[in-house]
Amino acid sequence: MSYSRTGRGLTKPLRGAFLDWGHPLVVGLIHGYVFNDCGGTQAFDYGTLAAHGTLTNMEPEDRTGGLHGSAINFDGSNNVVVCASEVGPANGFTCAAWVQTDITTGALVVAAQHHSTDAGDAYFQFFRNTTNLHGRIHQVKDTTRIGRNSGAVFVVGNWSHIAMRWNGGTTNAAIELFVGGARVDTTDDGAGTFTAANTTALQFKVGGQGNASHFALWDGRIESVFCWNRALANEEIKQLVADPYGMFLPVTYRRWFVPAVAVDEMPLSHRMSIAVPI
């Protein structure tokens, strides 16, 4: 699916960038992982929960290129980003990501709060099963949930913008799935009688699920994962495709001097506190 390449946020922001708090897509943003960290094992979270993740079982070369900038390469074996435990939103939820898959076999997770075969429970799952996209909200892990899935939407090697949206309702129809800004869900995927989302604090993971262990690990690259505590409007989901990083402020450049050292074209967010403008 095509999209505009004219947005101010098309290029991924540099490390240390700031959100534009007046931008509509910042409203309700609880997680924002863009993997623009300069090395190390941290995955900075720009969302209000600030649940900074840890790159687990990864090498420096797993920080790689994406469609709009940096990305993380997941090997499908033991790579995962582990974040803090939290209670999921009760009245609405959206998760969106730029992803590329290296295989189309098995069920592999983009993001989840699901303890899998570990002791524990589940809140949400956002995953690929063969070439289909799935989104689920759980009340009791696996046995009581609502969900929807699509037909074939994934192609090996292709980048896709995917999103799941839950409007807070209690039926399967309350969940909708999108690829490239277009709705793609076709089939119900629920179980049991769902009355409300799980309220247990559960570990958030990118590229897998589980608690003490890691399961259903992504095989391919993930460029960004954003989550909101509300159901985004259709036009907002389309904006994430056309202008994926438009909620970040543009970086300002100036010429500054530090004693005996001229610092040219350095982002303001990277300056030493002792630097003074001329």
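As the structure is a prediction and not an experimental result, all values here were calculated from the model.

Caption draft 1: Structural context of the sheet that holds strand β8 (residues 107-114). Strand order in the open sheet formed by nine strands is β2-β3-β6-β16-β8-β9-β10-β11-β15, and the pairing between neighbours is antiparallel. Looking at the sheet topology across the chains shown, the edges are occupied by β2 (42-43) and β15 (185-188).

Caption draft 2: The arrangement of empty space enclosed by the protein in detail. Going through the model one piece at a time under the given rule, you end up with one cavity of 30 Å³ or more. Taken as a whole, the largest cavity spans an internal volume of roughly 30 Å³. Every residue along the wall of the largest cavity is listed here: Ala-96, Ala-97, Trp-98, His-161, Ser-224, Phe-226, Leu-240 and Pro-244. Elements that contribute at least two residues to the lining of the largest cavity include exactly β7 (93-101) and β17 (219-228). Across the lining of the largest cavity, the residue classes break down as six nonpolar, two polar and no charged.

Caption draft 3: Region of interest: the pattern of salt bridges. For the structure on display, the rule yields ten salt bridges. The salt bridge involving Asp-185 is made with Arg-183; its shortest N-O contact spans 2.8 Å. According to the relative accessible area criterion, Asp-185 is buried, its value standing at 8%. By relative accessible area, Arg-183 is classed as partly exposed at 46%. Where Lys-238 meets Glu-235, a salt bridge forms, and the shortest distance between an N and an O atom there is 3.5 Å. With Lys-238 and Glu-235 both in helix α1 (residues 234-242), this residue pair falls three residues apart, about one helical turn. Lys-238 gets classed as partly exposed once you look at its relative accessible area, which sits at 40%. Put simply, Arg-148, Arg-165, Glu-176, Arg-183, Asp-185 and Asp-188 are held in one network by salt bridges that share partners.

Caption draft 4: Structural detail: the pairing of strand β9 (residues 122-129). Summarising burial for β9: seven of the eight residues are buried, a large majority. Pairing between β8 and β9: seven bridges, direction antiparallel. Paired with His-114 across the strands is Ala-122, a residue of β9. Summarising the sheet, β9 and strand β10 (residues 132-140) pair through six bridges and their orientation is antiparallel. Along β10, the bridge assignment pairs Arg-128 with Leu-133. Where β9 folds back on β10, the antiparallel hairpin that results is connected by two residues, among which Thr-130 adopts a positive phi of roughly 55°.

Caption draft 5: Molecular detail of the environment of Phe-18. Relative to the helices and strands, Phe-18 resides in the segment before β1 (29-33). Sequence separation between Phe-18 and Phe-248 is 230 residues, and the spatial gap between their C-alpha atoms is 5.8 Å.

Caption draft 6: Examining the nonpolar core more closely. Formed by 42 residues in total, the largest nonpolar core has its most connected members in Phe-124, Ile-137 and Trp-166. Those residues in contact with Phe-124 that sit more than four places away from it in its chain are Phe-93, Cys-95, Ala-111, Ala-112, Gln-113, His-114, Arg-136, Ile-137, His-138, Met-164 and Phe-204. With 22 residues, the next largest nonpolar core counts Val-34, Trp-98, Phe-226 and Ile-237 among its residues.

The rules behind the values
Residues numbered from 1 in each chain as written. Predicted model: local features only at pLDDT ≥ 70, side-chain atom pairs only at ≥ 80, totals over all residues. Heavy atoms only, no water. Pairing = 2+ DSSP bridges. Helix = DSSP H or I, 4+ residues; strand = E, 2+ residues; numbered from the N terminus. 1 Å grid on protein atoms, 1.4 Å probe; cavity = no way out; pocket = protein on both sides within 12 Å on 5 of 7 lines; lining within 4 Å. Points joined across faces, edges and corners; volume = space filled by probe spheres on them. Nonpolar A, V, L, I, M, F, W, Y, C, P; charged D, E, K, R; others polar. Salt bridge = Lys/Arg side-chain N within 4 Å of Asp/Glu carboxyl O. Buried < 20%, exposed > 50% of the residue type's maximum accessible area, 1.4 Å probe, protein only. Core = buried A, V, L, I, M, F, W, Y, C linked by side-chain atoms within 4.5 Å. Contact = heavy atoms within 4.5 Å.

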